[in-house]
Structure formats: structure tokens, C-alpha cells
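# Structural characterization, general
As a plain string of letters, each chain reads:
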Amino acid sequence: MTTMTMAAALNAALGDALAEDGDVLLIGEDIGTLGGVFRITDGLKDRFGAERVIDSPLAESGILGTCVGMAYHGLRPVAEIQFDGFVFPAVDQIVTQVSRLHYRTGGRVRMPLTLRIPVGGGIGAVEHHSESPEAYFAHTPGLRVVTVADPQDAYSTMRAAIACDDPVILLEPKRRYWGTGEMDTSLTADLDSARVLREGRDATLVAYGPLVVTALEAAVAAEDDGIDLEVIDLRSLSPLDRDTVAASVRRTGRLVVTHEAPGSVSLASEVITAAVEDCFAHLEAAPERVTGYDVPYPPAALEEHHLPGIDRILDAVDRTLGRRSSREAA
Amino acid sequence: MLTTPSAPERDLVAGLAQPLRVLAEDGTRHPDPTLDPLLDDVDEELLRSLHLDMAVIRALDDEAVALQRQGELGLWPPLRGQEAAQIGLGRALPETDFLFTSYRENGLAWCRGVGPEEMLAVWRGTALSGWDPFAHHMATPQVIIGAQTLHAVGWAMAARAKREDALAVACFGDGAVSQGDVNEAMAFAASFHAPVLFFCQNNQYAISEPVTVQAAVPIAQRPAGFGIPALRVDGNDVLAVRAASLLAARRIRAGEGPMFLEAVTYRMGPHTTSDDPTRYRDEAELERWRRRCPLARVERHLEHLGADVEQLRAEAQRRGDEARTGLQEAVTALAAPAPESLFDNVLTTEPAHLRRQREQFRAFTASLAPEGAAS
């Protein structure tokens, strides 16, 4: 076990997958010689060659469409989309091809491809570099959508995604790339499970990806007010592990869901609906969502107001507990 | 993977002024310096078999249209007029080459041994795709225009990575050349020197829009901008299409990178059985193309050669009738799949939420059963 950044853990996972399976290859813009704009693929072209770490033309639909053909022929491509906002030119191939080929061919064709997308804001970037597109993909049957939150989770989930015979969209929270943590290459992860990161009795706080760290910080801050928060990292956005959320809500009676994406028609909507369906009688208060506002991602100078932070999360927790919140201010 | 082909090979573009043709409309054989070296094996027997193949897929196509008119199929995209393009290509390639096609290539499917049930299932609505792509080395029909061209390139890149000799074929129409995916496919194929054949059947119309809305120059001129050599052939001349396909496949297999063929042809019928072509094209145009019928052309050529054409026509009729009967029987054999199969194969393993929905579906269906009925 060693301590490393999430970026290094992702790099190690890709390197180990390439080394262990000759059918794995990487493809994307600038991932080879440059090592990726976030250096996640740093050094891999030197180790494995230009045929397995492929610098592609600047064409996102092209990247995904060729991955479909590669998967058709038994390879396990790992594609990188450089930034969240650039995935949209590839949405046709993802939604009409990648997600459906297994279903439409009655299970004959498998699409064991992994699509890596650095997502989310908080890094002071320009337009189209801070989006949270997860709900588009979670809405599409036939895709697995997973997020990672720390170096260990990043390594283990990446390995599981590449090994999976389903198409997996792996969302990497770019503002957490440089956060450090312990990492053990022998630990494994599945792609279906949420994890309870912190047990608590007063309310359940659900987060994923970039906001897992924020949620844990909020839980620490809540202790000062005598509030004991349970924190769940969803990890898998599709399929959703609603059982873990329901089990927690049955204990705490209260639910707050937080993410960066706009809240309308969102993962928060889905998690709350699932909780209402699964454990309505155990809810002591209306669930709350703390999300990005329903606006296009704003200019960097405003993003701290747009992104959920500790205070907005605790404000919502207060509401679920019937305590004074900003919405009751004089 | 990134080797550069020699300059002269890369520059090959032919047929732009006039599509390459070796069989004239009156059946006379004309020399062509590009295609003639690939026509050495053409004898009366080969001509007869090409004619029979075209006759069979015309019969299949006619019968499918009739089945749609009888309400047996939801829709059908007729291929009448494009028999030479499809048989010319289909007969030129070994079965190990993998085809990625659109929805009008039922002639190619027939060449690949796709059975009548498999061919009709998607149009009868009993399956989203009717056959096993790996059993026939042919992906199932693609509806999104041009999407399959990228799949062909990816497959070709994988074949190269696996050091295989096979090539991938991307079939698409003239409308598809306006799509980003087709242009991205050419960029990827050229950059990675992928063993892929781009085969464009220019049938003059994208539903109602003439090819001039898609391209201001001959389509075969476009691949030059990607560094991909191209041939433009008379798509109603089965010998020209077959020879051009053989030439392209030979070069691609020799490591010369991708190649592009434009088969200039004409869709004699509607885009699909839902369509009314009288709204966008006139009788004079149709008559011009009737004179270019790919089957009649081979018949006239065989007549010039002194072959027994009456016997050939009888044979074509017999085989066509067999194919029609096969389709009629297939339609009645196609049943709706079990309702619960709705939930099958979304992912390779069933996730909890789908298992729950399957159980809810089962319970709801059971609740509709009359009281006292056995479950």
C-alpha cells in the first residue's frame, strides 16, 4: 500500500490493465505523446507503443465509433474524452450504438469498452470544461455510469470497468485528480455498489464524484452542531444501488442528496424518488437536494456560488431536521 | 500501422468524368485499362451466375415489397435498381471480410447466407436485428445514417492489430456522405492506414433529396481530400463493380490503406414502402434509368456471346420463385418473442432495478389472467 494522487492511481490502473491484457488499448486526443491534458495516460505510449496508446484525430464521434468496431472485433478499448463538454459530439455513437448493440443483437455482440471523461467544475476553467453530463447517460439503458472519489476507488473501479463486458462510462472528478490517499493494487471493486463512508444517525447525506470530499467535510462540520451525518458515496449512477440508500434512510429518517449537475431531472431526483418508493414510511421529513442551479455552467468567477459547498449542504440538513435554515430567515 | 503508402498508389482516382464501365447498356463489352486486368476470369458461366444472383435478389426484393403491401411487414427499403452494385461487391469478397451496412443491403445479406427469417425479422418487428453478425460476417442493418462507417474502421484497426488479412467494408449511400461520421471515418481510416473499403452506393436520392444537395462534386472526389484513393464506377454494370471491388480489396490487403468506391446507380423504387417518389422525380428520369437495367445489360451481353438466354431466364424465374416462397414461409413462421424477453440483454448481467421491473411485469401480467385460470 502506498500513498498517491488519484491521477497517479488512474495511470497505474491503465498501465496494469494494458500490461495484463493484450486486447486492451487506449484511444483519445492527446493521450499518447502528451500523456493527456491531465497526464492520466502519462508514459503509457512509451511503455506500450503507439498501436496500443493511440493519439486519435480530433473527432469525438470518431473515437467512440471506432471503439464500437474494435469491440465488435474482440478488443477492449478505453477511450478518453478530453473534457466533459466535448462528449456531446459523441453522444450519437454512445446512445444509438454503444448502449444498444448488446440488446439489439439479442446478446450476441458485446461492447466491453470504457469511456473515461474528466468531469465537473471547481478548477476555474473556461466554457465547456466544467460540465456534469452524467444524467444524460444514466438515462440511457445499456450503459453503466460510474464515478470515483479517491485514489483507491479510482484504481479499483478503473480495473473493474475495463474488465467488464458492458460499456462503462467512468466519470473522473477533475478537481480531485491531485488529492492523495492510500492505494493498494490488490483491492478490487464492483461496479454496482454504493458505499457508506461514514455512519451517522441523524440524516443520510448522499454524494458522488467530486462532492464526496465536500460531503465528508460537511459531516465533520456538522459535528460541531451536534449533528451526526451518515455519508454515502453512490459510486454507481447507473445502475443505482438504491438498497444501500434505503437501508440508511430507514435508520436516519432523513435524506439529503448533493451533486454538481443541475437538480431538475437529475440523479438527485432519481435517488429521492427511489427513497420515497422504497422507504416512504421511514422518512421523517421531505428529502432535500443540494445541486448546481438550473443554469448553464457559469463563468469561473461565479462557480463557487453555483457548486454545492459545505454551508449549502448543512443548510439543507437543517431543513430536514426542522432547524432554522436560510429559507426561514427574516 | 502508420506507414505511408507510395505516392502514385495514393493518387489513384478514376472515373470522375465518366463512371468506369465495361458493359454498355446494349450489352457490348468495352475495354477499360483500370478494370480489365481484373476481368480475366469472366466467362459465360460467371456471367450467368452473376445474372442469377441479381435476379434472385430482385425477386426477394419484389416479394418483400408485396409482403409489406399485404400488411405482413411494417416497412421495407427496396433495392430494385441496385442489384449490380450489391452483387458486384458481394461476389468480389471472401466471406471472412466483415461488412458494415445500412438497411438497403439485403442483396449483400443474401450473398452472406442470411436466411429469409433473419432478413425479415427487423421489418416484421419481431427483433431489432435478425441475424448473428459473427455467423455471417456482417453487422446487422444500421438505421442511423453513416454510423456504421466508423464501426468498419474500428473493426479494420482491430484486424490490423491482430495481424489478420481480413478487411472491413463500410457500405453507405450518397446521403451519408454529408454526415460527420462518414467524414470522421475517412479521417481515421487514412490516419491509421486501416484496411477498410468505403463502398458508396450513390442511388441519386436521400429519401427525396437529390445527390446535388449532398455534394457539389462527384462523391468520389471527396476521399482525395483525406488521401484515400477512389474509383467511380457504373453501379449498374455488375462486371465493373465486381472488378473495382476486386482491385480495391487486393490493394487494401497488400497494405495500401483504405480505398473508396462510388457505385453510380439508381433506386428505381421509393426510399421505403412509406414513400411517394412521384413527388420528387419524373417519368423521363425513370425511363432513362430503366434503359440502364443491370439485369437486362448482362442478358444482352450473353445474347451477343450466343448464350441460351431463354434457358437463363427460365432458371432465373425458377430460383426467384423459390426465394419468394422462402420469404412467404418465413413471414408466417416469424412470431412475436416472449413478452418477458423485453428485459433480456440490456447489460451482460441483470442489474437489480431491471430484475425488479421484470418481476413487476410478471406480477402485473399474471394479475390480468381471468380469475381461477391456471397461472
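Model, not experiment: these values are computed from the prediction. (Residues numbered from 1 in each chain as written. Chains lettered and ligands numbered in written order. Predicted model: local features only at pLDDT ≥ 70, side-chain atom pairs only at ≥ 80, totals over all residues. Heavy atoms only, no water.)

### Let's talk about the overall build of chain A
Keep this limit in mind: Strands here are runs of E lasting at least two residues and helices are runs of H or I lasting at least four, both read from the DSSP assignment and numbered beginning at the N terminus. Exposure classes here rest on a 1.4 Å probe applied to the protein chains alone. A residue is buried below 20% of its type maximum, exposed above 50%, and partly exposed in between. Residue contacts follow a heavy-atom distance rule, with two residues in contact if any of their heavy atoms lie within 4.5 Å. Computed by Shrake-Rupley with a 1.4 Å probe, the accessible areas treat only the displayed protein chains as cover when residues are assessed. For the purpose of charge, His is not counted, nor are the chain termini; Lys and Arg are scored as positive and Asp and Glu as negative. Charge placement uses NZ in Lys and CZ in Arg. For Asp and Glu, CG and CD serve respectively.
Helix and strand content of chain A: 12 helices and 14 strands. Dimensions along the principal axes, computed over C-alpha positions, put chain A at roughly 65 × 40 × 40 Å. Taken over 330 residues, chain A has a buried fraction of 62%. Restricting the contact set of chain A to residue pairs at least 6 apart, pairs at least 24 apart contribute 79%. Here chain A displays about 12200 Å² of accessible surface, and carbon together with sulfur accounts for 51% of that area. Of the side-chain charges in chain A, 29 are positive and 50 negative, and the distance between the mean point of each set is 3 Å.

### Quick look at helix α3 (residues 83-90) of chain B
Along α3 of chain B, eight of the eight residues are buried, which leaves the element largely enclosed by surrounding structure. When we look at burial in α3 of chain B, the residues that qualify are Glu83, Ala84, Ala85, Gln86, Ile87, Gly88, Leu89 and Gly90 of chain B.

### Some points on the side chain of Ser266 of chain A
All names here are of chain A. Condition: Each polar contact in these results corresponds to two N or O atoms within 3.5 Å; when the atoms are within protein, one needs to be able to donate a hydrogen and the other to accept it, and residues that are neighboring in sequence are counted only if both atoms are side-chain atoms.
One can find Ser266 in the loop between β13 (255-262) and α10 (267-279). Looking at Ser266, its side chain comes within polar contact range of the main-chain oxygen of Gly263, at 2.5 Å. Apart from residues lying up to four places away in sequence, Ser266 is in contact with Ala135, His259 and Arg289.

### So, the pattern of salt bridges
Residue and element names in this part refer to chain A. Formally: Salt bridges are identified by distance alone: a Lys or Arg side-chain nitrogen within 4 Å of an Asp or Glu carboxyl oxygen.
Throughout the structure, instances matching the rule amount to 49 salt bridges over all chains. Between Asp153 and Arg235 there is a salt bridge; the shortest N-O distance is 2.9 Å. Placement of Asp153 in helix α7 (residues 151-163) and of Arg235 in the loop between β11 (229-233) and β12 (236-238) is noted, with a sequence separation of 82 residues between them.

### Here's the deal with the domain arrangement of chain A
Where interface size is quoted, it is often the accessible area lost as the parts come together. Residues and elements named next belong to chain A. Quick note on the threshold: All domain edges in this entry derive from an automatic or database-based domain assignment.
You can read the domains of chain A as domain 1 (2-183) and domain 2 (195-321). Centre-to-centre, using C-alpha coordinates, domain 1 lies 26 Å away from domain 2. The partner domain 2 presents 23 residues to the 26 residues of domain 1 that form the contact. The interface formed by domain 1 and domain 2 holds four salt bridges in total.

### Examining the environment of Ser193 of chain A
All names here are of chain A. Assignment of secondary structure puts Ser193 in the loop between β8 (180-183) and β9 (195-198). Judged by relative accessible area, Ser193 falls into the partly exposed class, the value being 25%. Sequence separation of Ser193 and Leu211 is 18 residues, and the distance between their C-alpha atoms is 17 Å. In contact with Ser193, not counting residues within four places along its chain, are Leu234, Arg235, Ser236 and Asp241.

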